[in-house]
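Now for the letters of each chain:
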Amino acid sequence: MSYEFITTDREDGVGIVTLNRPKILNALNLQLIDELVTELERLDKDPDIRTILVTGNERAFAAGADINEMAEASAIDIMKRDQFAVWDRISLISKPIIGAVSGFALGGGCELMMNCDIVIASETAVFGQPEIKLGVMPGAGGTQRLVRAVGLRKAMEMLLTGDPISAKEALQYGLVNRVVPVEAYYQEALKLSKQIAKQPPLAVQVIKKAAHKADDLPLQEGMDYERNGFYLLLASEDRKEGMQAFLEKRRPRFTGN
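Since the model is a prediction, treat every value here as computed from it, not as a measurement.

Parameters and conventions
- Residues numbered from 1 in each chain as written.
- Predicted model: local features only at pLDDT ≥ 70, side-chain atom pairs only at ≥ 80, totals over all residues.
- Heavy atoms only, no water.
- Core = buried A, V, L, I, M, F, W, Y, C linked by side-chain atoms within 4.5 Å.
- Buried < 20%, exposed > 50% of the residue type's maximum accessible area, 1.4 Å probe, protein only.
- Helix = DSSP H or I, 4+ residues; strand = E, 2+ residues; numbered from the N terminus.
- Contact = heavy atoms within 4.5 Å.
- Axes fitted to C-alpha atoms, helices over the stretch in contact; angles between N-to-C directions.
- Parallel < 35°, antiparallel > 145°, perpendicular 65-115°, else oblique.
- Left-handed = near helix turned anticlockwise from the far one by under 90°.
- Nonpolar A, V, L, I, M, F, W, Y, C, P; charged D, E, K, R; others polar.
- Polar contact = N/O pair within 3.5 Å; in protein donor to acceptor, adjacent residues only side chain to side chain.
- Phe/Tyr/Trp six-rings, centres within 6.5 Å; stacked < 30°, edge-to-face > 60°.
- Lys NZ or Arg CZ within 6 Å of the ring centre and 35° of its normal.
- Pairing = 2+ DSSP bridges.

S.K.: Talk me through the nonpolar core; I want residue IDs and the actual numbers.
M.R.: Where a protein is soluble and globular, its nonpolar side chains tend to be buried together. Ranked by internal contacts, the top residues of the largest apolar core, which has 44 residues, are Met113, Phe127 and Leu175. Looking at which element gives the most residues to this core, the answer is helix α1 (residues 30–45), with six residues. Setting aside residues no more than four positions away along its own chain, Met113 makes contact with Phe61, Val101, Val119, Phe127 and Leu175. By size, the runner-up hydrophobic cluster in this structure holds 14 residues, among which are Ile98, Val180, Ala189 and Val204.

Here you go:
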């Protein structure tokens, strides 16, 4: 497919999506988000793709929403266009999404980053929800996901001051998985994406869904959900292949069945 504001590529089972509005720091307008979600859903259905890598450039993952689209719009205008409905579709992607983040990840950019399952950040990355400085608040999950990621106290500080945190602080608070030099962040994320892409696809997707249920379910319900996933995977061909390969001391050949 042809897009205006993202570019796409694939490598060794990894679908790669790059935000591509570099002159304005990958500001997230409605069209970019629509293109991104459309491509994520397309990759999710592609049997040759096993993980998805989302990135920007060294200066910015995404510096926030495109304020030009919002400045003159009324509350009714924004409500009618239901601009956040498309964001909800990101959480339905079954394959792991790995974020490769450098530079600014602010506002909607931080919210998009928090929709990734794993995040590799460069040392130059900064994260924040500065909406309060514009007289508004996050609308694509910033208050909810940030509290779950860094805890109530730190989230309240970030949300009510609008001040960003560094990559080092983001790692300290569990907002990202790793911080690496800027020249290595993309390759590190791609390497991790390829590593996960070699795992049994059905197990990867069931594990992702079960792990996300931990945020939503009481412990015992979550345990029941996990066990049902375990029983399901026992019936897969990949389980047979994985165990047989282990016994035969060879590399498994997973097919996703």
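S.K.: Go over the packing of helix α5 (residues 142–150) against helix α6 (residues 152–161) with me, naming the residues and quoting the values.
M.R.: In contact at an axis separation of 7 Å, α5 and α6 are set at 140° when each is read in the N-to-C sense. With respect to their mutual orientation, α5 and α6 come out oblique. As α5 runs across α6, the sense of the crossing is right-handed. Touching Gly142, Thr143, Leu146, Val147 and Val150 of α5 are Leu152, Lys154, Ala155, Met158 and Leu159, all from α6. Its residues placed into classes, the contact of α5 with α6 shows seven nonpolar, two polar and one charged.

S.K.: Provide a residue-level description of the environment of Ser102, including the pertinent values.
M.R.: As for its position among the elements, Ser102 is in the loop between β5 (97–101) and β6 (104–106). We classify Ser102 as buried; its relative accessible area is 0%. Here the alpha-carbon distance between Ser102 and Pro181, two residues 79 residues apart in the chain, equals 9.7 Å. Apart from the residues lying within four places of it in its own chain, the contact partners of Ser102 are Asn57, Glu58, Arg59, Ala60, Phe61, Ser122, Thr124, Ala125, Val182 and Tyr185. Side-chain polar atoms of Ser102 contact the side chain of Thr124, separated by 3.1 Å.

S.K.: Hey, could you go over the packing of aromatic side chains for me, with residue numbers and the actual values?
M.R.: For the structure on display, the rule yields one aromatic pair. Centroid distance Phe230 to Tyr231: 5.9 Å. Interplanar angle 65°. Geometry classified as edge-to-face. A residue is classified by how much of its surface remains accessible, and Tyr231, at 51% relative accessible area, is exposed. The ring of Phe5 has Arg21 sitting right over it, with the charged end atom 4.7 Å from the ring centre.

S.K.: Before we move on, can you summarise unusual backbone geometry with the specific residues and values?
M.R.: Backbone geometry places Asp12, a non-glycine residue, at a positive phi of 50°. Residue placement: Asp12 occurs in the loop between β1 (6–11) and β2 (14–19). The backbone of Asn26 shows a phi angle near 55°, a positive value even though the residue is not glycine. Along the polypeptide, Asn26 turns up in the loop between β2 and α1. Take Asn26: its relative accessible area is 0%, and that puts it in the buried class.

S.K.: Hey, could you go over the pairing of β1 for me, with residue numbers and the actual values?
M.R.: Note that β1 and β2 share six bridges and pair antiparallel. Across the sheet, the residue bridging to Thr7 is Thr18, located in β2.

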